[in-house]
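Architecture and fold: a report
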Amino acid sequence: MSTAAASSTEAERKAFYDRLAPQNLAPLWEVLRGLLPNEPKSKAAPHRWRYADVRPLLMESGDLLTAKEAERRVLVLENPAMPGQSRATATMYAGLQLIMPGETAPAHRHTPSALRFMLEGEGAFTAVGGERTPMRRGDFIITPSWAYHDHGNEGSDPCAWLDGLDLPLVAFFEAGFNEHYNDDRQSIVRPEGDSLARFGSGMLPLAPVSRYGLTTPIFNYPYERTREALVAASKGEAPDAHEAVTMRYANPLDGGWAMPTMAAWMTYLPKGFQTRPMRSTDGIVMALAEGALTASVGDKSFDLSVSDVAVAPGWTWRSYTATEDSFLFCFSDRVAQEKLGLWREERGR
């Protein structure tokens, strides 16, 4: 039989394949190399969105429709290699959201988890699970899966932030749900700062339980605290050759990542510091909170200014050079990959 198989013609094989198709069958040997590559090759491309270029368009959207009309007035950051798919990386969604003075983005909830990284403006707030928190530049704010949330702006200037969601992951599992609240704003039942006081002060209730399941009970990690911790940590030991000074946002209940599907962290690079190249299987979305740096991603080099956003696809070499003291916010699907035993990294010299 092996001799007959070896001598079969291309036409005979094609005829066989044609008979498979009506039975909803396919020959694995024809697609095996694509299913099992020697190493990952992301469909996403390295890219940067200059905030100075995008901001005028974002503000223009504020003149076209209200936040209530849009439900969420967001410009989706589409990876150029995946147009029309609402993906910044293969698994992560990212967008820039705008709230004008006096507006409310109506309350709703959904199964995809969301994070916010505040870029500009004063007076914005978000409410999650009956508690409000102010949104200040550099703050990392979480909307847990299936938690009601609304946003507003009680200041006098436009407010904008980076949204990150695990939408592509949820869509892959076909597990998406969405529901609207019975009013534009949810009822506030907890004082502002309640979750941070209970869980973010280095102390915990005697029987700590997160109201949000696998997500941290803290839903605002203020930039002021994050920055202070990174600078203090940099004085205790030299920056890591690959990671500089990096600290992750943690769930105080178990010490793990703050969210079950999206990992988030902040990197501090002192002026003049250059990291050695590294790559990992998670595609990373990054936003510069402060400073100026050059990000080398694959064969691309991006100069990043404050509020610029860039992506490093999975298994793509990346390194950074800081021209000023810089603080770089990042998120990815690393936590999900770790739970599935898939995450890997490689460090260069």
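Residues numbered from 1 in each chain as written. Predicted model: local features only at pLDDT ≥ 70, side-chain atom pairs only at ≥ 80, totals over all residues. Heavy atoms only, no water.

**Quick word on the sheet that holds strand S8 (residues 140-143)**
A sheet is described by the order of its strands in space; here six strands give the open sequence S2-S3-S10-S5-S8-S12, paired in antiparallel fashion. The sheet terminates laterally at strand S2 (74-76) and strand S12 (220-221), the two strands that pair on one side only. Of the strand pairs in this sheet, strand S5 (residues 114-120) and S8 are connected by four bridges, and their pairing is antiparallel. By the bridge assignment for S8, Leu 115 is matched with Ile 142. Sitting on the sheet, helix H4 (residues 51-64) is in contact with S2, strand S3 (93-99), S5 and strand S10 (159-165), with an inclination near 55 degrees to S3. (Pairing = 2+ DSSP bridges. Helix = DSSP H or I, 4+ residues; strand = E, 2+ residues; numbered from the N terminus. Contact = heavy atoms within 4.5 Å. Axes fitted to C-alpha atoms, helices over the stretch in contact; angles between N-to-C directions.)

**Comments concerning the nonpolar core**
Note that soluble globular proteins tend to have their nonpolar side chains buried in a common cluster. Formed by 46 residues in total, the largest nonpolar core has its most connected members in Phe 140, Leu 162, Met 266, Phe 329 and Phe 331. If you tally residues by element for this core, the top one is H4, at four residues. Core analysis: the next-biggest nonpolar cluster, separate from the first, contains 21 residues, Trp 257, Ala 263, Ile 284 and Val 335 among them. (Core = buried A, V, L, I, M, F, W, Y, C linked by side-chain atoms within 4.5 Å. Buried < 20%, exposed > 50% of the residue type's maximum accessible area, 1.4 Å probe, protein only.)

**What to know about a nonpolar patch on the surface**
Taken together, the side chains of Leu 28, Val 31, Leu 32, Leu 35 and Leu 36 define a hydrophobic patch exposed on the protein surface, amounting to about 470 Å² of accessible area. If you trace the backbone, Leu 35 turns up in helix H3 (residues 32-35). (Patch = residues over 30% accessible without salt bridge, like charges linked within 9 Å, V, L, I, M, F, W, Y side chains within 5 Å. Areas by Shrake-Rupley, 256 points an atom, 1.4 Å probe, with all protein chains shown as cover. Salt bridge = Lys/Arg side-chain N within 4 Å of Asp/Glu carboxyl O.)

**Quick word on the environment of Pro 205**
As for its position among the elements, Pro 205 is in the loop between helix H7 (194-199) and S12. Judged by its relative accessible area of 29%, Pro 205 is partly exposed. A sequence separation of 122 residues divides Pro 205 from Phe 327, and the C-alpha atoms of the two residues are 32 Å apart. In this view, Pro 205 contacts Arg 198 and Phe 199; residues no more than four positions away in its chain are not counted.

**Topic: the packing of aromatic side chains**
According to the stated counting rule, one finds 14 aromatic pairs in the structure shown. Taking the centre distance of 4.3 Å and the plane angle of 5 degrees together, the rings of Phe 117 and Phe 329 count as stacked. Taken together, the residues Phe 117 in strand S5 and Phe 329 in strand S21 (residues 326-332) connect sequence positions 212 residues apart. Neither Phe 117 nor Phe 329 differs from the other in exposure class; each is buried. Cluster of aromatic residues (ring-pair linked, three or more members): Phe 117, Phe 140, Tyr 221, Tyr 249, Phe 329 and Phe 331. The ring of Trp 257 has Arg 248 sitting right over it, with the charged end atom 5.3 Å from the ring centre. (Phe/Tyr/Trp six-rings, centres within 6.5 Å; stacked < 30°, edge-to-face > 60°. Lys NZ or Arg CZ within 6 Å of the ring centre and 35° of its normal.)

**Digging into the pairing of S21**
Counting buried positions along S21 gives seven out of seven residues, so the element sits mostly inside the fold. Side chains Ser 326, Leu 328, Cys 330 and Ser 332 project from S21 onto one buried face, and the interleaved Phe 327, Phe 329 and Phe 331 project onto a second face that is buried too. As judged from the six bridges shared by strand S16 (residues 284-290) and S21, these two strands associate in the antiparallel manner. In the strand pairing of S21, Ile 284 is matched with Ser 332.

**Some points on the UniProt feature "domain: Cupin type-2" (unreviewed entry) in the chain**
With numbering aligned to this structure, UniProt lists the feature "domain: Cupin type-2" (unreviewed entry) at residues 96-163. The span residues 96-163 shows a helical share of 0% and a strand share of 62%, and its end C-alpha atoms are spaced 6 Å apart. (UniProt positions renumbered as here; feature names shortened; annotations may be inferred.)

**As for the side chain of Gln 186**
Here Gln 186 is to be found in the loop between strand S11 (178-180) and H7. Of the polar contacts made by the side chain of Gln 186, one reaches the backbone nitrogen of Gly 129; its length is 3.3 Å. In terms of polar contacts, Gln 186 uses its side chain to reach the backbone amide nitrogen of Gly 130, at 2.7 Å. The residues touching Gln 186, leaving out its near neighbours within four places in the chain, are Ala 107, Ala 127, Val 128, Gly 129, Gly 130, Tyr 148, His 149, Asp 150 and Tyr 181. (Polar contact = N/O pair within 3.5 Å; in protein donor to acceptor, adjacent residues only side chain to side chain.)

**Some thoughts on the pattern of salt bridges**
For side chains bearing opposite charge, pairing can occur when the charged atoms are close. For the structure shown, the criterion picks out 18 salt bridges. Between Arg 109 and Glu 179 there is a salt bridge, with its nearest N and O atoms 2.7 Å apart. Here Arg 109, found in strand S4 (residues 104-110), pairs with Glu 179, found in strand S11; they are 70 residues apart in sequence, far enough to count as distant. The class for Arg 109 is buried, based on a relative accessible area of 18%. On the basis of relative accessible area, Glu 179 is assigned to the partly exposed category, the value being 31%.

**Quick look at helix H8 (residues 223-236)**
Relative to the 20 Å expected for 14 residues at 1.5 Å per residue, H8 spans 20 Å between its end C-alpha atoms, a close match to the ideal helical length. If you check which residues of H8 are buried, you get Tyr 223, Thr 226, Leu 230 and Ser 234. Within H8, the buried residues cover an arc of 70 degrees as seen down the axis, which keeps them to one side. In H8, those exposed residues whose orientation departs by more than 90 degrees from the buried face are Glu 224, Glu 228, Lys 235 and Gly 236. Turning to H8, the residues buried within the fold contact S12, strand S13 (245-248), strand S14 (263-269), S16 and S21. (Expected span 1.5 Å × (residues − 1). Arc of directions from axis to C-beta.)

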